[in-house]
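Below are the chains, spelled out letter by letter.
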Amino acid sequence: MALEMDKGKLVAAEKKKLKRELTLLPLFGLIYFTVCGGAFGAEPMVGLSGPGLALLLMVITPLVFSIPNMLMVREMQSMMPVEGGYYHWVKQAFGPFAGFMSGWMNWVVSWVDVSIYPVWTAWYLSYFIPALEEGTTIFGMEVSSDLLSWLVAAVLIIVISLLNMRGAKLSGLTASWLGLLMIIPLVIMSIFGFYSWIVNGTPTDIPFLTGGVEVNGQNLLGALSVGIYVAMWNFMGWELPTAAGDEIKNPKKTYPRAMVLVLIAAILSYSIPTVAGLYGGAGTDGQYMVWGIEEAETGAGIGPILNEQGITDAQMTSWGVDPSIDAGWEFPTIAHRIGDAVAGKDSPLSYFLGAIVGISAIFSMIGLFIGNGLGGTRVPYAMAEDGMMPTWLNKVHPKFGTPWVSILICGVFYLIFSTSAFQNLVVIDVFLNMLVLMAEIFALVALRIKRPELPRKRVPGGVWGLIYIVIAPLTIIVLAIVSQVLDYGWQGAIGWGLIAMAIGAILYFPIRKWVKKDIPDVDPYVLDTVE
């Protein structure tokens, strides 16, 4: 019994070891790579929805989705600037079960979402190391491309996990430097793209919707159902780094400032390279339709997909696309096309631009892994501090001041879920993420009613401001869920998500009864000022 009574003291002692060292620059790097990853990810908006709509979404999405989320995060984080972030928001608004489920669901999301970035790193590396795509023979043994790619992903996961253990500040500064190294090639590509536009006089009549179809209600809704999902995905994640609240210096001021800087950087990161690619050599004569298109079946090429949209094999061949084997263009290929427009087909400039943007993509994937991994590793620690996860997840490194056991366990999950057997489960993250985000938005409204006396940085605009930050993102969220159901079906999009939720709901009751016992609730409204 004495040992049980000491559990609360042990948990409190571990918390005191946390280091509050995240200042503006490292926090900016972490939020940037949680919300954005440079230009990469914008390509499907162009190919699936159309160039004009894609550029419009890059402006509208921040207004109707990102800014409302930022204002929501600003108000909630100003009330509860502690480790765990959104877990405590939902718990304080709707009770311990809802809080546990929000933490559990986002933790599950991190297993399948965060682990995909090391896999994509290996995929981009295959541009430079063909064995990662084709396989190879080592000491007379055939080694598959899947195994080689997983080994590359595993090395990255281990290295970044060790980096994360060394401290949130070091991880944030690494992300910031990766962001700088990532953006330089995109700037170089964009300069050549705008130069090509000026010199070659690329026509400015690139269509609004893909295929140049008429802009009417039906066509616009169809294009939006895909484009708005991609745009939302490229501008979400503002709340995830709040899970490291006890590691941020002056979080009530630092976090809002970092979010504003990230929003500006994200809009520029997506829009400028996209415009440069569209008008600099990779968008005219229908070529934009190749952007971000995925094969219906592995090895089938994108020919059948574009054939359905009226593009002939001969036209694709004129673009340098083999309809039977090629996949859609990502920014490394788009950069190569800009080089073609400036200096001739397959010129040294073409290969140079393609190579440096390929390296930029690798930096982006590593940065995304660092940024998104931060929240994934802090949530189980915060839940353990609150007695809603095993107490051994609460261990803090005595030297580095990081939740090292939680980081280690998350690294193991990332290793498992980065295997090809689990990569198709990434579709569950939209469903679970959207449910948690909706809970966070409703939590703000509930706490306005339940705890109106608490000091907070309120959303400006009074009642109308509150309506804006609730209605605007909820509209996007509903459209995103509907879009995913249409794309993957109820069984694929939601089935796995419901299974994950059911597992969490079942785990809650024994954890509440036996693990939570004698561990007091964390007071999320009290900010520990120890630096």
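Note that the structure is a prediction, hence the values are computed from the model and not measured.

Participant: An account of the overall build of the chain is requested, with residue identities and associated values reported.
Facilitator: Across its full length, the chain holds 20 helices and two strands. In terms of overall size, the chain behaves like a compact globule, its C-alpha atoms giving a radius of gyration of 24 Å where 531 residues would be expected to give roughly 24 Å. Here the C-alpha coordinates of the chain stretch approximately 80 × 65 × 40 Å along the principal axes. Classification of the 531 residues of the chain by burial places 56% in the buried group. In the chain, of all internal contacts separated by at least 6 residues, the share reaching a separation of at least 24 is 80%. For the chain, the accessible area works out to roughly 21600 Å², and carbon and sulfur atoms hold 69% of it. With 30 positive and 39 negative side-chain charges, the chain shows a spacing of 21 Å between the two charge centroids.

Participant: So, the packing of aromatic side chains: which residues are in play, and what are the values?
Facilitator: What the rule picks out here adds up to 23 aromatic pairs. Here the aromatic rings of Phe-40 and Tyr-124 are separated by 6.2 Å at their centres, their planes lie at 65°, and the arrangement is edge-to-face. Note that Phe-40 is positioned in the loop between α3 (24-35) and α4 (43-49) and Tyr-124 in helix α8 (residues 116-125), a separation of 84 residues in sequence. When sorted by exposure, Phe-40 lands in the same class as Tyr-124, which is buried. Of the aromatic side chains, those joined through ring pairs into one cluster are Phe-40, Trp-123, Tyr-124, Tyr-127, Trp-291 and Phe-331. Across the ring face of Tyr-525, the terminal group of Arg-451 is positioned such that the distance to the ring centre comes to 5.1 Å.

Participant: Break down the pattern of salt bridges for me, citing the residues and quoting the values.
Facilitator: Taken as a whole, this structure holds nine salt bridges when the rule is applied. Glu-75 is the salt-bridge partner of Arg-456, the closest N and O atoms lying 3.9 Å from each other. Here Arg-456 is found in the loop between α19 (428-450) and α20 (462-515), whereas its partner Glu-75 is found in helix α5 (residues 51-79), with 381 residues between them in sequence. Its relative accessible area of 0% is what places Glu-75 among the buried residues. Connected via shared salt-bridge partners are Lys-91, Asp-386, Lys-516 and Asp-521.

Participant: Hey, could you go over the side chain of Ser-161 for me, with residue numbers and the actual values?
Facilitator: The topology assignment puts Ser-161 in helix α10 (residues 145-166). Setting aside chain neighbours within four positions, we find Ser-161 in contact with Ile-407 and Gly-411.

Participant: Give a detailed account of unusual backbone geometry, specifying residues and quantitative values.
Facilitator: The residue Asp-346 is not glycine, and still its phi comes out positive at about 55°. Note on placement: Asp-346 falls in the loop between α16 (331-343) and α17 (348-385). Although it is not a glycine, Asp-518 sits at a positive phi angle of roughly 70°.

Participant: Can you break down the nonpolar core residue by residue, with the values?
Facilitator: Core analysis: the largest hydrophobic core is formed by 146 residues, its most contacted members being Ile-31, Phe-40, Met-72, Met-76, Phe-100, Trp-238 and Ile-477. The residues contacting Met-76, other than those within four sequence positions of it, are Trp-89, Ala-443, Leu-444 and Leu-447.

Participant: Outline the environment of Gly-376, supporting the account with residue identities and numerical values.
Facilitator: Mapped onto the elements of the fold, Gly-376 is located in helix α17. Each C-alpha atom, one on Gly-376 and one on Leu-25, is 21 Å from the other, the two residues being 351 residues apart in sequence.

Participant: Explain the confidence of the model for the chain residue by residue, including any values.
Facilitator: Averaged over the chain, the pLDDT score is 88; the fraction of residues at 70 or greater is 93%. Here helix α1 (residues 2-5) is the element of the chain with the lowest mean pLDDT, 47, and helix α6 (residues 86-94) is the one with the highest, 96. Predicted confidence is poor over residues 1-5, with pLDDT under 50, and the contacts of this stretch with residues over four places away or in other chains come to three contacts.

Participant: Mind laying out the packing of α17 against helix α18 (residues 404-417), listing which residues take part and the relevant values?
Facilitator: It is at 9 Å that the axes of α17 and α18 come closest, and there the two elements cross at 120°. Between α17 and α18, the crossing angle belongs to the class labelled oblique. Helix-helix and strand crossings are classified by hand; for α17 and α18 the assignment is right-handed. Residues Phe-369, Gly-373, Gly-376, Thr-377, Arg-378, Pro-380 and Tyr-381 of α17 form the contact with α18, whose own contacting residues are Ser-406, Ile-407, Cys-410 and Tyr-414. For the contact of α17 with α18, the residue count by class is six nonpolar, four polar and one charged.

Participant: Which residues make up helix α12 (residues 217-234), and what values do they have?
Facilitator: In this model α12 runs 25 Å from its N-terminal to its C-terminal C-alpha over 18 residues, within 8% of the 26 Å that 1.5 Å per residue would give. At Leu-224, α12 shows its strongest bend, of approximately 35°. What α12 keeps buried is the set Ala-223, Val-226, Gly-227, Ile-228, Tyr-229, Val-230, Ala-231, Met-232 and Asn-234.

Participant: For the environment of Ile-467, give the residues involved together with the corresponding values.
Facilitator: With respect to the helices, strands and loops of the structure, Ile-467 is situated in helix α20. According to the relative accessible area criterion, Ile-467 is partly exposed, its value standing at 37%. Separated by 399 residues in the primary sequence, Ile-467 and Pro-68 place their C-alpha atoms 9.8 Å from one another.

Participant: Just give me the short version of a nonpolar patch on the surface, but keep the residues and values in it.
Facilitator: Taken together, Trp-120, Trp-123, Tyr-127, Phe-128, Ile-129 and Ile-359 make up a surface patch of nonpolar side chains, about 570 Å² in accessible area. Its place among the elements puts Ile-129 in the loop between α8 and α9 (131-134). By relative accessible area, Ile-129 is classed as partly exposed at 41%.

Participant: Now, about the packing of α8 against α17: what can you tell me, with residues and values included?
Facilitator: Look at α8 against α17: their axes get within 9 Å of each other, and the N-to-C directions meet at 170°. The pairing of α8 with α17 is recorded here as roughly antiparallel in orientation. Seen from α8, the contacting residues are Tyr-117, Pro-118, Trp-120, Thr-121, Tyr-124 and Leu-125; seen from α17, they are Ala-361, Ile-362, Met-365, Ile-366, Leu-368, Phe-369 and Asn-372. Taken together, the residues of the contact of α8 with α17 sort by class into 11 nonpolar, two polar and no charged.

Participant: Tell me about the side chain of Glu-21, residues and numbers included.
Facilitator: Positionally, Glu-21 belongs in the loop between α2 (7-15) and α3. Salt bridges are absent for the buried Glu-21, whose nearest opposite-charge side chain, Lys-19, sits at 5.5 Å. Setting aside its immediate chain neighbours within four residues, Glu-21 contacts Gly-167, Ala-168, Lys-169, Glu-247 and Lys-249.

Participant: Pulling in residues and values, what's your account of α3?
Facilitator: Every α-helix winds through 3.6 residues per turn, so residues three or four apart in the chain are directed the same way. Compared with the 16 Å implied by 1.5 Å per residue over 12 residues, the 16 Å span of α3 between its first and last C-alpha is a close match. In terms of burial, α3 is largely enclosed, as nine of its 12 residues are buried. All buried positions along α3 are accounted for by Pro-26, Leu-27, Gly-29, Leu-30, Ile-31, Tyr-32, Phe-33, Thr-34 and Val-35. Contacts from the buried residues of α3 go to α11 (168-200), α12, α13 (251-282) and α17.

Conventions we followed
- Residues numbered from 1 in each chain as written.
- Predicted model: local features only at pLDDT ≥ 70, side-chain atom pairs only at ≥ 80, totals over all residues.
- Heavy atoms only, no water.
- Helix = DSSP H or I, 4+ residues; strand = E, 2+ residues; numbered from the N terminus.
- Rg over C-alpha atoms; globule rule 2.2 N^0.38 Å.
- Buried < 20%, exposed > 50% of the residue type's maximum accessible area, 1.4 Å probe, protein only.
- Contact = heavy atoms within 4.5 Å.
- Areas by Shrake-Rupley, 256 points an atom, 1.4 Å probe, with all protein chains shown as cover.
- Lys, Arg positive; Asp, Glu negative; His and termini not counted.
- Charge placed at Lys NZ, Arg CZ, Asp CG, Glu CD.
- Phe/Tyr/Trp six-rings, centres within 6.5 Å; stacked < 30°, edge-to-face > 60°.
- Lys NZ or Arg CZ within 6 Å of the ring centre and 35° of its normal.
- Salt bridge = Lys/Arg side-chain N within 4 Å of Asp/Glu carboxyl O.
- Core = buried A, V, L, I, M, F, W, Y, C linked by side-chain atoms within 4.5 Å.
- pLDDT = per-residue confidence, 0-100.
- Axes fitted to C-alpha atoms, helices over the stretch in contact; angles between N-to-C directions.
- Parallel < 35°, antiparallel > 145°, perpendicular 65-115°, else oblique.
- Left-handed = near helix turned anticlockwise from the far one by under 90°.
- Nonpolar A, V, L, I, M, F, W, Y, C, P; charged D, E, K, R; others polar.
- Expected span 1.5 Å × (residues − 1).
- Bend = angle between axes of the 7 residues up to and from the residue.
- Patch = residues over 30% accessible without salt bridge, like charges linked within 9 Å, V, L, I, M, F, W, Y side chains within 5 Å.

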